[in-house]
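Coordinate analysis (summary)
Next come the chains, spelled out residue by residue.
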Amino acid sequence: MHLKNFSVIRRDLKVELSPAYDLLNSTIILNSQEELALPLRGKKNKLKKDDFFVYFAKERLGLTQKSIGQTVSRIVMAFPRWADLIQNCFLSDSLKTQYIDLLNKRFNKLDLTSWG
C-alpha cells in the first residue's frame with residue numbers, strides 16, 4: 001500500500017477513514033525483503049515494536065499510552081480471525097500458507113501480547 005488506497009469520508013463536520021479496499025500483501029508475490037512500502041523512521045525493514053509504538057504512535061501521532069493499548073488489544077483480539085479470512089480468499093493454497101506464515105512472523109515480532 002503506497003497511501004493510494006486510504007480515503008476519507010466526510011459526513012457533515014465529521015471526517016473519518018473509509019473502509020479498507022483494494023488491499024494486497026505484495027510481499028508474498030514479489031518475494032521482497034521489505035516490510036513496508038514507505039519508510040518508517042528511515043527504514044523499510046528490520047522494524048521493531050518501538051518503531052511503531054514509540055516513534056510513530058507516541059512521538060509522531062501524539063497518541064496516549066491508553067489509546068495505543070486499546071488499539072493493540074483490538075488487533076490481538078482480531079488476529080485469530082485473519083487466518084480464517086486468508087483461508088477463504090482467492091489465493092492459491094501455497095500463497096495462503098505463505099501469507100499466514102508471514103502474518104504470524106510479523107505478529108510475533110511485534111510481541112503484541114506483552115503490551116503495556
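Residues numbered from 1 in each chain as written. Predicted model: local features only at pLDDT ≥ 70, side-chain atom pairs only at ≥ 80, totals over all residues. Heavy atoms only, no water.

Turning our eyes to something else, we now look at the side chain of Ser-18. Checked against the element boundaries, Ser-18 lands in the loop between strand S2 (14-17) and helix H1 (27-30). For Ser-18, the contacting residues outside a window of four places in its chain are Ser-7, Val-8 and Ile-9. (Helix = DSSP H or I, 4+ residues; strand = E, 2+ residues; numbered from the N terminus. Contact = heavy atoms within 4.5 Å.)

Take the packing of helix H3 (residues 65-87) against helix H4 (residues 93-110) next. One can describe the packing of H3 onto H4 by two numbers: an axis separation of 9 Å at closest approach and a directional angle of 165 degrees. Judged on the interaxial angle alone, H4 and H3 are roughly antiparallel. Here the hand of the crossing between H3 and H4 comes out left-handed. Residues Ile-75, Val-76, Phe-79, Trp-82, Ala-83, Ile-86 and Gln-87 of H3 touch H4, and the partners they reach there are Lys-96, Tyr-99, Ile-100, Leu-103, Asn-104 and Phe-107. Considering only residue class, the contact of H3 with H4 consists of ten nonpolar, two polar and one charged. (Axes fitted to C-alpha atoms, helices over the stretch in contact; angles between N-to-C directions. Parallel < 35°, antiparallel > 145°, perpendicular 65-115°, else oblique. Left-handed = near helix turned anticlockwise from the far one by under 90°. Nonpolar A, V, L, I, M, F, W, Y, C, P; charged D, E, K, R; others polar.)

Let us now look at the pairing of strand S1 (residues 8-11). The pairing of S1 with S2 spans four bridges and is antiparallel. When the sheet's bridge partners are listed, Ile-9 is paired in S2 with Glu-16. Between the end of S1 and the start of S2, which pair antiparallel, lie two residues, with Asp-12 showing a positive phi angle near 55 degrees. (Pairing = 2+ DSSP bridges.)

Next up on the list: the pattern of salt bridges. Summed over the entire model, instances satisfying the criterion amount to six salt bridges. Lys-109 is paired through a salt bridge with Glu-35; the nearest N and O atoms lie 2.7 Å apart. Here the residue Lys-109 occupies a position in helix H4, and Glu-35 occupies one in the loop between H1 and helix H2 (49-60), the gap between them amounting to 74 residues. Judged by its relative accessible area of 23%, Glu-35 falls in the partly exposed class. (Salt bridge = Lys/Arg side-chain N within 4 Å of Asp/Glu carboxyl O. Buried < 20%, exposed > 50% of the residue type's maximum accessible area, 1.4 Å probe, protein only.)

With that settled, consider the packing of aromatic side chains. Scanning the model with the defined rule gives two aromatic pairs in all. Measuring from ring centre to ring centre gives 5.5 Å for Phe-79 and Trp-82, while their planes differ by 70 degrees; the resulting arrangement is edge-to-face. Residue Phe-79 and its partner Trp-82 are both found in helix H3; the two are separated by three residues, about one turn of the helix. Plain terms: the ring middles of Phe-79 and Phe-107 are 3.7 Å apart, the flat faces sit at 15 degrees to each other, and that makes the pair stacked. Of the two residues, Phe-79 sits in helix H3 while Phe-107 sits in helix H4, which places them 28 residues apart along the sequence. Classification of Phe-107 as buried rests on a relative accessible area of 13%. Ring pairing ties together the aromatic residues Phe-79, Trp-82 and Phe-107, which thus form one cluster. (Phe/Tyr/Trp six-rings, centres within 6.5 Å; stacked < 30°, edge-to-face > 60°.)

Any functional reading would require information that these geometric values do not contain.
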